[in-house]
Amino acid sequence: MEFIDYDKQYDVIVVGAGHAGCEAALAAARMGCETLLLTINLDAIALMSCNPAIGGLAKGHLVKEIDALGGEMGKNIDATGIQFRILNTRKGPAVRASRAQADKQHYRLRMKQVMEQQERLSLKQAEVTGLVVEGGVVRGVDTRVGVRYRGASVILTTGTFMRGLIHVGLTNYPGGRAGDLPSVGLSDQLRELGFAVGRLKTGTPARLDGRTIDFSRLEPQHGDDPPVPFSFSTDRIGQPQVPCYIAYTNPRSHDIIRSGLDRSPLYAGVIEGIGPRYCPSIEDKVVRFPEKDRHQTFLEPEGRDTVEYYPSGLSTSLPIDIQWAFYRSIEGLERVEIMRPAYAIEYDYVDPIQLHASLETKLVRNLYHAGQINGTSGYEEAAGQGLMAGINAALRVQGNDPLVLDRSEAYIGVMIDDLVTLGTREPYRMFTSRAEYRLLLREDNADLRLRERGHAVGLVAEGEYQRFQKKRERIGAELARLKGTKLLPSEADPDFLSTFSLTALQNALTYEQLLRRPDITYEELCRIDPHAAEVPPAVREQVEIQIKYQGYIERQLDQVERARKLEGTPIPAGFDYGAIPGLSAEVREKLAKFRPDTLGQASRIQGVTPAAVGILSLALKARG
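What you see is a predicted model; the values in this text were computed from it and never measured. (Residues numbered from 1 in each chain as written. Predicted model: local features only at pLDDT ≥ 70, side-chain atom pairs only at ≥ 80, totals over all residues. Heavy atoms only, no water.)

Let us look at the overall build of the chain. Counting secondary structure elements, the chain contains 20 helices and 22 strands. With respect to the principal axes defined by its C-alpha atoms, the chain has extents near 90 × 70 × 50 Å. Scored against the burial criterion, the 624 residues of the chain give a buried share of 56%. Taking all contacts inside the chain whose residues are at least 6 apart in sequence as the whole, residues at least 24 apart take part in 74%. Accessible area of the chain: about 26200 Å², with a carbon and sulfur share of 50%. On the chain, the mean spot of the 77 positive side-chain charges and the mean spot of the 81 negative ones are 2 Å from each other. (Helix = DSSP H or I, 4+ residues; strand = E, 2+ residues; numbered from the N terminus. Buried < 20%, exposed > 50% of the residue type's maximum accessible area, 1.4 Å probe, protein only. Contact = heavy atoms within 4.5 Å. Areas by Shrake-Rupley, 256 points an atom, 1.4 Å probe, with all protein chains shown as cover. Lys, Arg positive; Asp, Glu negative; His and termini not counted. Charge placed at Lys NZ, Arg CZ, Asp CG, Glu CD.)

Right, let's get into the domain arrangement of the chain. The domain boundaries assigned to the chain delineate domain 1 (4-202 + 347-457), domain 2 (207-343), domain 3 (470-555) and domain 4 (568-623). Taking both sides of the interface into account, the surface hidden between domain 1 and domain 4 amounts to around 730 Å²; carbon and sulfur atoms contribute 48%. Sorting the residues of domain 1 by area buried against domain 4 places Ile353, Lys362 and Thr421 first, and these three jointly supply 49% of that buried surface. Viewed at the interface, domain 4 and domain 1 are joined by one salt bridge. With a closest N to O distance of 2.5 Å, Asp417 and Arg604 form a salt bridge. Our count for the contact surface shared by domain 1 and domain 4 stands at four residue pairs in polar contact (both at pLDDT 80 or more). Classifying every residue of the side of domain 1 that touches domain 4 by side-chain character gives four nonpolar, two polar and three charged. (Domains from an automatic or database assignment. Buried area = accessible area lost by both parts, 1.4 Å probe. Salt bridge = Lys/Arg side-chain N within 4 Å of Asp/Glu carboxyl O. Polar contact = N/O pair within 3.5 Å; in protein donor to acceptor, adjacent residues only side chain to side chain. Nonpolar A, V, L, I, M, F, W, Y, C, P; charged D, E, K, R; others polar.)

What follows concerns the nonpolar core. Membership of the largest hydrophobic core comes to 78 residues, with the highest contact counts inside it found for Ile54, Tyr107, Met115, Ile155, Met388, Ile391 and Ile412. The dominant element in this core, judged by the number of residues it contributes, is helix α9 (residues 379-397), at ten residues. Two domains share this core, each providing at least three of its residues, namely domain 1 (4-202 + 347-457) and domain 2 (207-343). If we ignore the near neighbours within four places in the chain, the residues touching Ile155 are Val12, Ile13, Val14, Val15, Ala24, Tyr368, Ala370, Ala389, Gly390 and Ala393. If you look at the next biggest cluster of nonpolar residues, it comprises 23 residues, including Val147, Leu156, Val197 and Val350. (Core = buried A, V, L, I, M, F, W, Y, C linked by side-chain atoms within 4.5 Å.)

Our next topic: α9. For α9, with 19 residues, the first-to-last C-alpha span of 27 Å sits near the 27 Å given by 1.5 Å per residue. The buried fraction of α9 amounts to 17 of the 19 residues, a majority that puts the element mostly inside the structure. (Expected span 1.5 Å × (residues − 1).)

Here four strands make up an open sheet; going across it, the order is β11-β10-β19-β12 and the pairing antiparallel. The open sheet has two edge strands with one neighbour each: β11 (171-174) and β12 (197-204). On average, adjacent strands in this sheet sit at an angle of 25° to one another, irrespective of strand direction. (Pairing = 2+ DSSP bridges. Axes fitted to C-alpha atoms, helices over the stretch in contact; angles between N-to-C directions.)

Let us look at the pairing of strand β17 (residues 308-312). Across the five residues that make up β17, a large majority, five, are buried. Across two bridges, strand β13 (residues 207-209) lies against β17 in antiparallel orientation. Bridge pairing links Asp209 to Glu308 in β17. For strand β16 (residues 296-301) and β17, the ladder comprises four bridges, and the chain directions are antiparallel. Following the sheet pairing, Glu300 is matched in β17 by Tyr310. In this structure, the hairpin formed by β16 and β17 is closed by a connection of six residues.

Below, the discussion takes up helix α20 (residues 610-622). Owing to its 3.6 residues per turn, the α-helix brings residues three or four apart onto one side. The terminal C-alpha atoms of α20 lie 19 Å apart, and with 13 residues this matches the ideal 18 Å at 1.5 Å per residue to within 8%. Looking at α20, one finds that the buried residues are Ala612, Val613, Leu616, Ser617, Ala619 and Leu620. Along the axis of α20, the buried positions cluster into a sector of 165°, meaning they face one direction only. Facing away from the buried side of α20 by over 90 degrees, the exposed positions are Pro610, Ala611, Leu618, Lys621 and Ala622. For α20, the elements touching its buried residues are α17 (550-568), α18 (585-594) and α19 (599-603). Count one or two residues on from α20 and you reach Gly624, which has phi positive near 80°. (Arc of directions from axis to C-beta.)

And the structure:
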């Protein structure tokens, strides 16, 4: 096919406009690059294909980090969220997480508007069918209608669209998601270029008609009041908030599901892709946990101006007649009407082991992959990768070194390191347990960890950066003040001393020592310290956490310091592992296959022993 060259050359071309594509395109354009975003359907920019929500356990951490670096996701949910909740409030600060329901259409439209208004960013509707690769370097993309767009770098964020196949029972048809065409041709070319292309599966529940649900028989669940924003730039959430509702499956629901298993594509062997371990379909839950007689679901509104509800946790690919019976077996849903059926989708992904930590592919220079193409699941995981790919493509065009976040700096760093070091055979989801330094990587300190990085690459505006600096200075000043201010037993309020069993106190205590006690927070400190009441809530939170967890935090910082030597030792490209005596055949094989960029990455490959890392370290030293 003859291609017509478009009359403009771009710095960065982004393929796909899901959550990864949006962050990638905005980052590149904001960093000064002429950026082109190509997508099959411009009306589906930032569309929430599955649950109408942002955040959750560990995912909230990712959104806070995206925001701290200068991304858009946190601001977008703050402007369009209809219920905000902080999860795990009774647990320690490391595992507390923010989550918000979104007005699904409002979320999409606001993101589209932000992108349309962004300087140096062009949006075009086109299906990308191939890459232009010359001498191992990507030079642009080809589209279905015969137009070739040339660019210095390309970021693929294809989501579930590459050879997407939708399943409802034993019926299946091609689609990138319900209502959208798939992308055909691109994954075949990636295979020809030498990429390991695999198949994954994900699923989504039916969308239910709220007019046919009896909410009086369900338990309402309200959000936090006042709602706490995601973005460090948002002062307050102004829009009205709405409740979700809790419902449960029952033994009859489970019998109905079992009766349809012979027509389930999952159990009839029609689906070959591996599904998400931590977000299984309802038929998977019923088969895997036969002892459970009920499963919980949250009925989540899809927006303020629609009657559609999303029954979270009830995704399925069962035949439509089983879907009708199953959803109607739930109390309160006896007369429910399905507006959009549940379905499973299979799609192609590329094993992320073939990426550098910058998300540039090892096989084709200046080609970056982000989001579900790397085998991840979730909007937040995709957005974090998209942001980093956008930053690194822009840095490459500008002739600068890539920005790689360490495992001790960010959940984004943990996620990308897991993907590029270990690869994945199933949809990857972020968990707090994946981070070995999770006490350092809290939601509340994401700006203290990453604002500097975002500002350095040009993504954090000057006003936002000054606001951050002011907050950081106030935290330092308050920590110093508490360390230097003392409670003298002779002058203290007797009521305060007796409440906190301090009546026998002989020597003075600093306010820092008082705050270190588990039973004393800023609220209690206000009784004896008039200055405490004037400290802004965000500063209070930081000061209190840093004081109460100081010992644990210092211990983790020591661990980070010890690991830094490994992380910072690069392994040259093309390094000959066969020439190192002392390495076992298995270790050589693993290192040659995975091609780690650093000693730290090598140490995390399964089967590479600490002894092998020591031998490799000596060999690298000998080479200078």
